[in-house]
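Residue strings, one per chain:
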Amino acid sequence: MKKITILNASIVNEGKIQAGDVWIRNGRIEAIGSDLSGKPADIQIDAKGAALLPGMIDDHVHFREPGLTYKGDIHSESRAAVAGGITSYMDMPNTKPPTLSAERVAEKCAIASRASFANYAFYLGTSNGNIEEIKAVNPQTICGIKVFMGASTGNMLMDDPTALEMLFLHAPTLIAAHCEDTPAILKNERRFFLKFGNDIPMSAHSLIRTDAACYQSASLAVSLAKSTGARLHLLHLSSAAEMDLLTDAPLEKKRITAEVCVHHLFFSDADYAAKGARIKCNPAIKTDRDREALHSAILSGKIDVIATDHAPHTLAEKQAPYLRAPSGMPLVQHALPSLFEHYHAGRYSLPLIAEKTAHAPARLYQIPERGFIREGYWADLVLVNLHQALDVTDETALYKCKWTPFSGMRFSSTIKATIVSGHLAYLDGRLDSTPAGKRLAFCRS
């Protein structure tokens, strides 16, 4: 592997920002210091004026492979991810066929070993009938167990109370939960259908998939976790109401943790008028009050991780009427630039962004030697020019679906370089042609 020296960077790591250099050899950070220009290097990057952060560990993506590769695949979406400063991702199990066994996980890992530009891991999915697979899985081979609680995704809806209790009793690793109450959602959907027929406006999405539906399902998950002692991670929380279920205790003392996604921090229901189905997602983007509650929860420590829930669909699919337009949007290429907008607005500090996108995911998922800028650790790094504007268009989106919900916007920051396991995957708008992602390891018994 090539030796890389990064000079004159503002290093953002573990609550501090300090000027320095980083020397990378054999895929790892060999030295961090004030004058490393004399170190032997095949590649030297002058980072003057730029911020160097640990690469984002995105614990929530849907890269669509296998079975839905006309929307996206591991090769295309991981390329977009490294262009956006994401160095590791964890992919969800709602593919075709769904990832409901260790064998399916192994098949996805084999694809990623050939095709992934970023480091990778995969969730084992749940259904009402695969509890024996869950009991038997090696917790070091998966990032977690994904459960759809009350939100239907094919045959992955887990709505049998006995099966749910067995899951929470026997899961050998953390349970990552999508929490929305389907009966409440269907009732609301029927009410709007009776009023509008097939012409339900996109602005009704948050009135159909409401905060009450989210809270009802999330509170059930929390209750099960508390009664069984299970390790629960609540995914893509979207409402002020759900924040009442969380604590601001230090991460290491929590058995129940929470994630929020970049689009819930950026958009509000006022944006449906302009964006329409481009921001239709589950759970729904809600009010400005909900968005502000999410920001407050990040600052207080109630929210532990910021992720993407990257979920591409074709524009043709998205242009269908409300009831047929699928939920989800492509996000990995523009997630970090959108977060840096909150930095420029004075809401988030750079160390806070590093904490929520890298440090916390590494600790929460027990990923050794990643998520920090430390000597001896894998070199997973993102270099950001905080003062170079980025004009976002569909034409510059690297996703297979060729569109972005941020199209037409100008961000204040640009990703300059992304290093994945010591490999320079992206520099100044150019992607390296070699997939070099590695399978993530998990330090668990």
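Residues numbered from 1 in each chain as written. Predicted model: local features only at pLDDT ≥ 70, side-chain atom pairs only at ≥ 80, totals over all residues. Heavy atoms only, no water.

## Re the pairing of strand β8 (residues 119-122)
Of the two faces of β8, the one holding Asn119 and Ala121 and the one holding Tyr120 and Phe122 are both buried throughout. Alignment of strand β7 (residues 86-91) against β8, held across 4 bridges, turns out to be parallel. Note that in β8 the partner of tyrosine 89 across the bridge is tyrosine 120. Once the chain exits β7 it traverses helix α2 (residues 102-115) before rejoining the sheet at β8, and the crossover so formed is right-handed. (Buried < 20%, exposed > 50% of the residue type's maximum accessible area, 1.4 Å probe, protein only. Helix = DSSP H or I, 4+ residues; strand = E, 2+ residues; numbered from the N terminus. Pairing = 2+ DSSP bridges. Right-handed = clockwise from strand over helix to strand, strands pointing away.)

## Here we look at the side chain of serine 238
Within the fold, serine 238 resides in the loop between β12 (232-234) and β13 (256-261). A polar atom in the side chain of serine 238 sits 2.7 Å from the side chain of lysine 286. Non-local contacts of serine 238, meaning those with residues more than four positions away in its chain, are made with Cys214, His264, Pro283, Ala284, Lys286, Asp290 and Leu294. (Polar contact = N/O pair within 3.5 Å; in protein donor to acceptor, adjacent residues only side chain to side chain. Contact = heavy atoms within 4.5 Å.)

## With respect to the pattern of salt bridges
Pairing between side chains becomes possible if they bear opposite charge and their charged atoms approach one another. With the rule as written, the count across this model stands at 18 salt bridges. Two residues, glutamate 132 and lysine 135, come together in a salt bridge whose shortest N-O distance is 3.5 Å. Of this pair, glutamate 132 and lysine 135 both sit in helix α3 (residues 131-136), separated by 3 residues, roughly a single helical turn. Since its relative accessible area comes to 52%, glutamate 132 is described here as exposed. (Salt bridge = Lys/Arg side-chain N within 4 Å of Asp/Glu carboxyl O.)

## Topic: the packing of helix α12 (residues 335-344) against helix α13 (residues 350-364)
Put simply, α12 and α13 touch, their axes get as near as 10 Å, and they point 145° apart. The way α12 lies across α13 gives a crossing that is right-handed. Counted together, Leu336, Leu339, Phe340 and Tyr343 of α12 and Leu350, Ile353 and Thr357 of α13 form the full contact between these two elements. Within the contact of α12 with α13, the residues separate by chemical class into 6 nonpolar, 1 polar and no charged. (Axes fitted to C-alpha atoms, helices over the stretch in contact; angles between N-to-C directions. Left-handed = near helix turned anticlockwise from the far one by under 90°. Nonpolar A, V, L, I, M, F, W, Y, C, P; charged D, E, K, R; others polar.)

## Some thoughts on the packing of aromatic side chains
In total, this model carries 10 aromatic pairs according to the counting rule given. Aromatic ring contacts, followed pair by pair, group Phe266, Phe267, Phe406 and Phe411 into a single cluster. Residue placement shows arginine 79 over the ring face of phenylalanine 117; its charged tip is 6.0 Å from the ring centre. Here arginine 374 stacks its cationic end above the ring of phenylalanine 372, 4.0 Å away from the centre of that ring. (Phe/Tyr/Trp six-rings, centres within 6.5 Å; stacked < 30°, edge-to-face > 60°. Lys NZ or Arg CZ within 6 Å of the ring centre and 35° of its normal.)

## Description of empty space enclosed by the protein
Per the counting criterion, the structure on display carries 2 cavities of 30 Å³ or more. Of the voids in this model, the largest cavity is the one considered here, and its volume is about 40 Å³. Lining of the largest cavity is provided by Ala177, Cys179, Cys214, Leu234, Leu235, His236, Leu237, Ser238, Glu242 and Pro283. Grouping the constituent residues of the lining of the largest cavity by class yields 7 nonpolar, 2 polar and 1 charged. (1 Å grid on protein atoms, 1.4 Å probe; cavity = no way out; pocket = protein on both sides within 12 Å on 5 of 7 lines; lining within 4 Å. Points joined across faces, edges and corners; volume = space filled by probe spheres on them.)

## Thoughts on helix α10 (residues 288-300)
For α10, spanning 13 residues, the distance from its first C-alpha to its last is 18 Å, which sits close to the expected 18 Å at 1.5 Å a residue. Contacts made by the buried residues of α10 are with β13, α8 (262-266), β14 (305-307), α12 and α13. (Expected span 1.5 Å × (residues − 1).)

## Some details on the sheet that holds β8
Read across the open sheet, the 3 strands follow the order β6-β7-β8; overall the sheet is parallel. Only two strands of the sheet have a single neighbouring strand rather than two, namely β6 (56-61) and β8. Averaged over all pairs of adjacent strands, the angle between strand axes in this sheet comes to 20°, irrespective of strand direction.

## A few points about α13
With 15 residues, α13 ought to run about 21 Å at 1.5 Å a step, and its terminal C-alpha atoms sit 20 Å apart, in line with that. Most pronounced at lysine 356, the bend in α13 amounts to some 40°. The buried fraction of α13 amounts to 13 of the 15 residues, a majority that puts the element mostly inside the structure. A distance of 3.1 Å separates the backbone nitrogen of leucine 352 from a side-chain oxygen at the start of α13, and that oxygen is part of serine 349. Glutamine 366 occupies a position one or two residues after α13 and carries a positive phi of about 60°. (Bend = angle between axes of the 7 residues up to and from the residue.)

## A short note on a nonpolar patch on the surface
A surface patch of nonpolar side chains, amounting to about 270 Å² of accessible area, comprises Phe193, Leu194 and Leu323. Checked against the element boundaries, leucine 194 lands in helix α5 (residues 182-196). For leucine 194, a relative accessible area of 60% corresponds to the exposed category. (Patch = residues over 30% accessible without salt bridge, like charges linked within 9 Å, V, L, I, M, F, W, Y side chains within 5 Å. Areas by Shrake-Rupley, 256 points an atom, 1.4 Å probe, with all protein chains shown as cover.)

Purely geometric numbers; function is a separate question.
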